[in-house]
Structures are given as C-alpha cells and as structure tokens.
Amino acid sequence: MTRSITERLAAGVVLGAEGYVFELERRGYIKAGPYVPEVVLDFPDAVRELHREFLRAGSDVMVALTYYAHREKLRHIGREDDLEAMNRQAVRLAREVAREGDALVAGNVCNTWAYDPGDPATHDAVRAQYAEQLGWAVDEGIDFVISETNDYLGEALIALEVIQGLGLPAMVTLASTQPERTRDGYDYVEACRILAGHGATIVGLNCDRGPYTMLPLLARIRETVDCAVAAQPVPYRTTDAAPTMESLHSEGVERVFPLALEPFGCTRFEMASFAAAARDLGVGYVGICCGGAPHHVRAMAEALGRDVPASKYSPALELHPILGTAGAKHAADVLAAWNVVG
Ligand SMILES: [Zn+2]
C-alpha cells in the first residue's frame, strides 16, 4: 500500500517533477504556441518515457499530462472530440509508470483562460471544465490533484472546490507572473493564505519564476500559512530586474520566452541548491516546472539526501580521462589548455 500525499508530507519533503510540456515540445511532440498535450494520444510512448525518466530521477509524483487538456484549449485546435480520450489516457500513462516505482499519481488542472472575475457565467464554465476533466481522472485513478499556474485567486478557488467535492487532497499553486499580485489583485502571500483557509492541503507557487526570485516569496508564504507549501520554479536565472522567465531579455533577441530561454538555464547544481534551500525554509513539496529535465531532478533528489535509481549513473568525474586523477597526471598539457582563463 503506497503512502498518501499527506503521509509523505508528514514524513519529510515530497519531490515533484514537471515541465512535461516544455520538454516534450523540445523533443518534437508538442506544438509551441497552443501547447496542448496532443502527444498523449499521438505518441504515448514519448509521455511514458518522460514519466519514467522523472521517476528514475526521484520524483515521488507522476503528474498526468492534462495541462491545457481542457475544453477551451481543445476547441482552439479543433480536437474537442478527443477531450475525454486525451484526459483518460494521460492518467493511465501516469499510473502505469507510477506503478513501476512507489510514486503517487496526481490529476492536473490549470488556468483555463476562460475566467473573468467580473463575469459569473465564466465561473460556471470554468467549474464545468474542471469537473469534467477531474471526473475522468478520478475514474482512471488518481491520488490527489494539482491545480497549477493559477493567475486568478478566484479561478484557483473554483478548482479547489471541485477537488474537495471529489474528496481528494488539493495542491493549489499560483503563477506569480506579476510583481506582487494575482490578476484579480491579491498579494500572492495573501492569496495562499486564503487558499489554505479554504482547506487546500498544499499551497504555493509554480512556474514563471526561477529559484532566485521565487525563494523570497516562498519564505513569506511559509511564515503565513499552516499547511504544506509547494515550490516548483522554472530552472531559469531570473533576476530582480527580470523576475519571471517571460520578462527575461537578451541583446539582439526579439523575444526570449518561450523559445530562446536556453542561455538563461540553471545548471543541475543551481537546482540542487534550490532544493536544499527550499527544504531549509520548510517547503514540503519541492519540484520544478517548465524547462525542468531529469538531470535537474536527480540532482535535487540527491541534494535532499536520496539515492535514486538514476543515481547509478550520477557523475564520477574522478574517472574522466582528463579531469580525473589519472588524467591530471598524464594529460597535464590538455588540462592546462582547458584551464586557460580567456
Ligand atoms: Zn511551468
């Protein structure tokens, strides 16, 4: 019997891994722009493989790839008829791989782009989209639900209600794309406090911010709420001047987000440091979002003191032909050239 999300949080840090959409786009299976996970039906093996890579890297949770698999988005790309099949298949794939280890399966919903705080009709439409997606997910078998990338507290609260109606633990995280506040005007910390007050099991932030600009907000959230806190940053070097991946810019590049972010990528070491820093702050669910890849996750797992299946192939640079101890002696001239400071 696998332990529940609440049991795992009580015992220590839960390691998550996301970034499926960006990574599968990079691999040629998802179209940038709409970012709809058609891959779930078109190339299920590609999804299975990435789940397996994250599992081997130490992720405790397999997140069903239903991000943007909601009616609003599928209508845009003319695949509304595939909605149910895509949602069901995504959960099946996550479950199948979760069973290869000891991972939990998370259902997943996100911002719908249909929500308008001033228009109650849109609230009903959002609720209906979440209800149908999560109804299929529950049918296929999930352990809890992650509602993520929420721009509006109001929309996040609708997701929370739907999840609670299904009797499942809810992890609700906000997209902190603006400097201070959700798009409906709530300070991010206050929004997390409200979500916690409404009974979310885990609250926090995901996506948009890199470790450097997410940690200060996390510290304030941790001080404010009593429930578990989640942190899933993007592995990009965001700064005070450009606090989100969307605001990063580079000389001579018209737009860095979303397709030219590589020069800003965090190394595995930076993500390992983030994982340790988040744990030290008291963050209970530590993960990664868009841009995340298995090498980051393994380094994060190891920073949390774990030995995971992929640790079998963790670096052993002492065995490198040049950098290793033997190489340093026999190829001193090569190493000297590598060490020239330009
Ligand atoms: Zn993301």
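The coordinates are above.
Because the structure is a prediction, the values reported are computed rather than measured.

Turning to the overall build of the chain, a few remarks are in order. Within the chain, the regular secondary structure consists of 14 helices and eight strands. Its C-alpha radius of gyration of 20 Å places the chain within 12% of the 20 Å reference for a compact globule of 342 residues. Dimensions of the chain, computed from the C-alpha atoms along their principal axes, are close to 70 × 40 × 40 Å. By residue count, 54% of the 342 residues in the chain fall in the buried class. For the chain, restricting intrachain contacts to residue pairs at least 6 apart in sequence, the fraction spanning at least 24 positions comes to 74%. Put simply, the chain has 31 plus and 47 minus side-chain charges, and the middle of one group is 4 Å from the middle of the other.

So, on to the coordination of the zinc ion. Protein coordination at the zinc ion: the donors are Cys-207 (SG), Cys-289 (SG) and Cys-290 (SG), at 2.1 to 2.3 Å from the metal. Counting the intervening residues between successive donors of the zinc ion yields the motif C-x81-C-C. Linking Cys-207 in the loop between β6 (202-206) and α10 (211-224) with Cys-289 in the loop between β8 (285-286) and α12 (294-303), this pair joins segments that are 82 residues apart in sequence. Each of the two residues, Cys-207 as well as Cys-289, counts as buried.

A complete count under the given rule lists five aromatic pairs for this structure. Between Tyr-20 and Phe-54, the aromatic rings sit 5.1 Å apart at their centres with planes inclined by 85°, giving edge-to-face as the arrangement. Of this pair, Tyr-20 sits in helix α2 (residues 20-26) while Phe-54 sits in helix α4 (residues 44-56), and the two are 34 residues apart along the sequence. Like Phe-54, Tyr-20 is buried.

Next up on the list: the pairing of strand β4 (residues 144-150). Taken across its seven residues, β4 has seven buried, putting it largely inside the fold. Alignment of strand β3 (residues 104-110) against β4, held across five bridges, turns out to be parallel. Each bridged residue has a counterpart across the sheet, and for Ala-106 the counterpart in β4 is Phe-144. In the classification by handedness, the crossover that spans β3, the intervening helix α7 (residues 120-140) and the parallel β4 is right-handed. Note that β4 and strand β5 (residues 170-174) share four bridges and pair parallel. Residue pairing for β5: Val-145 is matched across the bridge by Ala-170.

With that out of the way, let us pick up the packing of α10 against helix α11 (residues 268-281). Packing of α10 against α11 brings their axes to within 10 Å, and their N-to-C directions diverge by 10°. With respect to α11, the axis of α10 lies roughly parallel. Along its contact with α10, which presents Pro-211, Leu-215, Leu-218, Ala-219 and Arg-222, the element α11 presents Met-271, Phe-274, Ala-277, Ala-278 and Leu-281.

Turning to unusual backbone geometry, a few remarks are in order. Geometrically, the link from Phe-257 to Pro-258 is a cis peptide bond, its omega value of 0° lying close to zero. Structurally, Pro-258 is set in the loop between β7 (228-232) and α11. Phi is positive for Tyr-35, which is not a glycine, with a value near 55°. Topologically, Tyr-35 is positioned in the loop between α2 and α3 (39-42).

Strand order in the open sheet made by the eight strands is β1-β8-β7-β6-β5-β4-β3-β2, with parallel pairing throughout. Because the sheet does not close on itself, it has two edges, and the strands there are β1 (14-15) and β2 (61-63). On the sheet, helix α9 (residues 188-197) packs against β5 and β6 and is oriented at approximately 165° with respect to β5.

Locating Asp-151 in the fold gives a position in the loop between β4 and α8 (153-165). With near-sequence residues (within four places) excluded, Asp-151 lies in contact with Asn-111, Trp-113, Ala-175, Thr-177, Thr-182, Arg-183 and Asp-184.

When two helices pack together, their arrangement is given by the angle between the helix axes and by the axis-to-axis distance. Interaxial distance between α4 and helix α6 (residues 83-98) falls to 9 Å at its minimum, and their mutual angle equals 40°. What the angle tells us is that α4 and α6 run oblique. Here the hand of the crossing between α4 and α6 comes out right-handed. In this structure, α4 contributes Pro-44, Val-47, Arg-48, His-51, Arg-52 and Leu-55 to the contact, and α6 contributes Gln-89, Leu-93, Ala-94, Glu-96 and Val-97. Split into classes, the residues belonging to the contact of α4 with α6 amount to six nonpolar, two polar and three charged.

As a further point, take the pattern of salt bridges. The final tally for this structure, using the stated rule, is 25 salt bridges. A salt bridge links Glu-190 to Arg-193; its shortest N-O distance comes to 2.8 Å. Separated by three residues within a single helix, Glu-190 and Arg-193 lie in helix α9, roughly one turn from each other. Owing to a relative accessible area of 30%, Glu-190 belongs among the partly exposed residues under this scheme. In the salt-bridge network here, residues are joined through shared partners; they are Arg-71, Glu-72, Arg-75, Glu-80 and Glu-132.

Basis of the calculations
Residues numbered from 1 in each chain as written. Predicted model: local features only at pLDDT ≥ 70, side-chain atom pairs only at ≥ 80, totals over all residues. Heavy atoms only, no water. Helix = DSSP H or I, 4+ residues; strand = E, 2+ residues; numbered from the N terminus. Rg over C-alpha atoms; globule rule 2.2 N^0.38 Å. Buried < 20%, exposed > 50% of the residue type's maximum accessible area, 1.4 Å probe, protein only. Contact = heavy atoms within 4.5 Å. Lys, Arg positive; Asp, Glu negative; His and termini not counted. Charge placed at Lys NZ, Arg CZ, Asp CG, Glu CD. Donors = N, O, S within 2.8 Å, 3.2 Å for Na, K, Ca; no water. Phe/Tyr/Trp six-rings, centres within 6.5 Å; stacked < 30°, edge-to-face > 60°. Pairing = 2+ DSSP bridges. Right-handed = clockwise from strand over helix to strand, strands pointing away. Axes fitted to C-alpha atoms, helices over the stretch in contact; angles between N-to-C directions. Parallel < 35°, antiparallel > 145°, perpendicular 65-115°, else oblique. Left-handed = near helix turned anticlockwise from the far one by under 90°. Nonpolar A, V, L, I, M, F, W, Y, C, P; charged D, E, K, R; others polar. Salt bridge = Lys/Arg side-chain N within 4 Å of Asp/Glu carboxyl O.

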